[in-house]
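# Structural characterization, general
One letter stands for each residue in the lines below.
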Amino acid sequence: AGKQQVDVTPEEPTPDFYQPEIVQPKDTPKEVEVVPPPVREVKPAPEVDTERIAYENAVKAIEAGTIYFDFDRADLKPDAKAKLQKKAEYLRKYPKLSVLIEGHCDERGTNEYNMALGERRANAAFKYLNAMGISGDRISTVSYGEERPADPGHNEMAWEKNRRDEFKVINK
């Protein structure tokens, strides 16, 4: 039985580039130049046209405040008067605005009767705004009677929603 001989060669020495470099500190500290980060150009925020936003909010507020009436009535309820006072404030603040008041009715009654009732409802709001100092030439009225229901139902809940005045700003 023979033994096999293995040739073992010593490891090759590690090349110099693997050796850690030992740096000896110098006697004098090296001055370090401090470089500030690059300055970013800051663009100004876009200007907000607060007056335009206030104007648009006034238009929305005038148009949003629908007022409601009792059955077969055209007199203004206290909550309707409060809404009209708010509208008058906006109309005084923005004298170039004009408003169209649309009078509406529920489906009960004849077309002719409801057209007249819608007109009386629109005129009630007209007179109130006019008494609050809004010039009559800035207020227009129209009656749609029962022709444009807010709710097409045929019950008291629907009829309550249909007995109303709506407001549209006509020169924005």
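Now for a quick tour of the structure. Given the structure is predicted, the values throughout are model-derived calculations rather than measurements. (Residues numbered from 1 in each chain as written. Predicted model: local features only at pLDDT ≥ 70, side-chain atom pairs only at ≥ 80, totals over all residues. Heavy atoms only, no water.)

## Comments concerning the packing of helix α1 (residues 50–64) against helix α2 (residues 78–93)
Defined as follows: All axes here are fitted lines through C-alpha atoms, helices being fitted over the stretch that makes contact, and every angle between N-to-C directions spans 0 to 180 degrees. Only DSSP runs of H or I reaching four residues or more are called helices, and only runs of E reaching two or more are called strands; each is numbered from the N terminus. Note on terminology: angles under 35 degrees are roughly parallel, angles over 145 are roughly antiparallel, angles of 65 to 115 are roughly perpendicular, and the others are oblique. Note on convention: the crossing is left-handed when the near helix lies turned anticlockwise from the far helix by less than a right angle, right-handed when the turn is clockwise. The contact definition used throughout considers only heavy atoms, calling two residues in contact when any of these lie within 4.5 Å. Three classes are used: nonpolar for Ala, Val, Leu, Ile, Met, Phe, Trp, Tyr, Cys and Pro, charged for Asp, Glu, Lys and Arg, and polar for all others, with Gly counted as polar.
Where α1 meets α2, the closest approach of the two axes is 9 Å, and the angle between their N-to-C directions is 150°. For the element pair α1 / α2, the angle class is roughly antiparallel. The element α1 and its partner α2 pack so that their crossing is left-handed. Here α1 contributes Ala58, Ala61 and Ile62 to the contact with α2, which in turn contributes Lys87, Tyr90 and Leu91. Residues that form the contact of α1 with α2 fall into these classes: five nonpolar, no polar and one charged.

## Topic: the packing of aromatic side chains
As a reminder of what qualifies: In summary, the pairing rule links any two rings of Phe, Tyr or Trp, Trp by its six-membered ring, whose centres are within 6.5 Å, and it sorts them by plane angle into stacked for under 30 degrees, edge-to-face for over 60 and tilted for everything else. For each residue, the accessible area found with a 1.4 Å probe, counting protein chains only, is set against the maximum for its type, and the residue is called buried under 20%, exposed over 50%, and partly exposed in between. Only Lys NZ and Arg CZ are tested; either one counts as a charge over a ring when it is within 6 Å of the ring centre and within 35 degrees of the ring normal.
A complete count under the given rule lists one aromatic pair for this structure. Taken together, a centroid distance of 5.3 Å and an interplanar angle of 85° make the contact between Tyr55 and Tyr94 edge-to-face. Taken together, the positions of Tyr55 in helix α1 and Tyr94 in the loop between α2 and β2 (99–104) put the pair 39 residues apart, joining distant regions of the chain. Tyr55 gets classed as buried once you look at its relative accessible area, which sits at 15%. The ring of Tyr113 carries the charged tip of Arg120 above its face, separated from the ring centre by 5.8 Å.

## Some points on the packing of α2 against helix α3 (residues 111–131)
Contact geometry for α2 and α3: axes closest at 9 Å, N-to-C directions at 55°. Classed by the angle they form, the pair α2 and α3 counts as oblique. Crossing handedness for the pair α2 and α3: right-handed. Contact residues: α2 offers Lys81, Leu84, Gln85, Lys87, Ala88 and Leu91, while α3 offers Ala125, Tyr128 and Leu129. Among the residues making up the contact of α2 with α3, the classes are represented as six nonpolar, one polar and two charged.

## Overview of the sheet that holds strand β1 (residues 67–68)
Cut-off, in case you're wondering: Being paired, for any two strands, means DSSP has found at least two bridges between them.
Across the sheet, four strands lie side by side as β1-β4-β2-β3; this open sheet has mixed pairing. Two strands close off the open sheet at either side, each with one partner strand: β1 and β3 (139–145). Pairing geometry for β2 and β3, over six bridges, is parallel. Bridge pairing in β3 links Glu102 to Val142. Of the strands in this sheet, β1, β2, β3 and β4 (164–169) touch α3, which is tilted by about 155° from β3.

## A word on α2
We apply this condition: Expected span of a helix, by definition, is 1.5 Å for each gap between consecutive residues, and there is one gap fewer than residues. By construction, the arc corresponds to the directions joining the helix axis to the C-beta atoms.
Compared with an ideal rise of 1.5 Å per residue, which puts 16 residues at 22 Å, α2 spans 23 Å between its outermost C-alpha atoms and is within 8% of the ideal. Among all positions of α2, only Ala80, Leu84, Lys87, Ala88 and Leu91 are buried. Buried residues along α2 cover an arc of 105° about the axis, so they all sit on one side. More than 90 degrees from the buried face of α2, the exposed residues found are Pro78 and Lys93. On its buried face, α2 sits against α1, β1, β2, α3 and β4.

## Observations concerning the pairing of β4
By the criterion of burial, β4 is predominantly enclosed, with five of the six residues buried. Here β1 pairs with β4 via two bridges, running antiparallel. Bridged to Tyr68 within β4 is Arg164. Where β2 lies against β4, five bridges are found, and the strand directions are antiparallel. From the neighbouring strand, Val99 faces β4, where its bridge partner is Val169.

## Some words on the side chain of Ser143
Quick reminder of the rule: The term polar contact refers here to a pair of N or O atoms within 3.5 Å; inside protein, the definition further demands a hydrogen-donor-capable atom paired with an acceptor-capable atom, and it admits residues adjacent in sequence only when both atoms are side-chain atoms.
Among the secondary structure elements, Ser143 is positioned in strand β3. At a separation of 2.7 Å, a polar atom in the side chain of Ser143 contacts the main-chain carbonyl oxygen of Met115. In terms of polar contacts, Ser143 uses its side chain to reach the backbone amide nitrogen of Gly145, at 3.3 Å. Look past the residues within four positions of Ser143 in its chain and what remains in contact with it is Gly103, Asn114, Met115, Gly118 and Glu119.

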